[in-house]
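# An overview of the molecular structure
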Amino acid sequence: MTKAQELAVEELATRYNSKNYAVLKDVDGTGIMGLPAGWVLVNIQRTDNTIIIQAGISPEGSIHT
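I will try to describe carefully the structure that is included in this document. (Residues numbered from 1 in each chain as written. Predicted model: local features only at pLDDT ≥ 70, side-chain atom pairs only at ≥ 80, totals over all residues. Heavy atoms only, no water.)

## Some remarks on unusual backbone geometry
Here is the rule we go by: Only DSSP runs of H or I reaching four residues or more are called helices, and only runs of E reaching two or more are called strands; each is numbered from the N terminus. Exposure categories follow from relative accessible area, calculated using a 1.4 Å probe and restricted to protein chains: below 20% of the type maximum is buried, above 50% is exposed, and the middle band is partly exposed.
The backbone phi angle of N17 is positive, close to 50°, even though this residue is not glycine. One can find N17 in the loop between α1 (3-15) and β1 (20-25). Take N17: its relative accessible area is 74%, and that puts it in the exposed class. Not every positive phi belongs to a glycine, and N49 is a case in point at roughly 70°. Mapping N49 onto the fold places it in the loop between β2 (40-45) and β3 (51-57).

## So, the sheet that holds strand β4 (residues 63-64)
The criterion, for reference: Between any two strands, pairing holds if DSSP finds at least two bridges. Whether two residues are in contact is decided by their heavy atoms: any pair within 4.5 Å suffices. Geometry is summarised by axes, namely lines fitted to C-alpha atoms with helices restricted to the contacting stretch, and by angles between N-to-C directions that run from 0 to 180 degrees.
Taken together, four strands build an open sheet; the order of strands is β1-β2-β3-β4 and the sheet is antiparallel. Among the strands making up the open sheet, the edge pair consists of β1 and β4. Where α1 meets the sheet, its contacts fall on β1, β2, β3 and β4, and the angle it forms with β2 comes to roughly 20°.

## Digging into the pattern of salt bridges
The following threshold applies: Salt bridges are defined by distance alone: a side-chain nitrogen of Lys or Arg within 4 Å of a carboxyl oxygen of Asp or Glu.
Evaluation of the coordinates by the stated rule reveals two salt bridges. In this structure, K3 and E6 form a salt bridge, with 3.9 Å as the shortest nitrogen-oxygen distance. Within this pair, K3 and its partner E6 are both found in helix α1, separated by three residues, close to a single helical turn. Judged by relative accessible area, K3 falls into the exposed class, the value being 56%. Classification of E6 by relative accessible area gives partly exposed; the value is 34%. Taking the shortest distance from any N to any O, the salt bridge between E11 and R15 comes out at 2.6 Å.

## Observations regarding the side chain of S18
What counts, and what does not: By the criterion applied in these results, polar contacts are pairs of N or O atoms within 3.5 Å in which, for protein atoms, one can donate a hydrogen and the other can accept it, and in which residues neighboring in sequence qualify only through two side-chain atoms.
In this structure, S18 sits in the loop between α1 and β1. For S18, a relative accessible area of 9% gives the class buried. Here N20 takes part through its backbone nitrogen, which lies 3.0 Å from a polar atom of the side chain of S18. Reaching out from S18, the side chain makes a polar contact with the backbone oxygen of Q45 at a distance of 2.5 Å. The residues touching S18, leaving out its near neighbours within four places in the chain, are A13, I44, Q45 and I52.

Put into structure tokens, the structure is as follows:
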């Protein structure tokens, strides 16, 4: 995960007032769940693990929901 992606995840978590999130990473270079290669998928969650928002984040840190 790039530094820009890490910062974008933190930004989303702060925006949605949650410290609970899961990041799914592209492990084989083909993308993850329909996202292009190099992107990550993040789920920002409530304390009970229900998803508040799901976003794709590009290697440059651009957030797409």
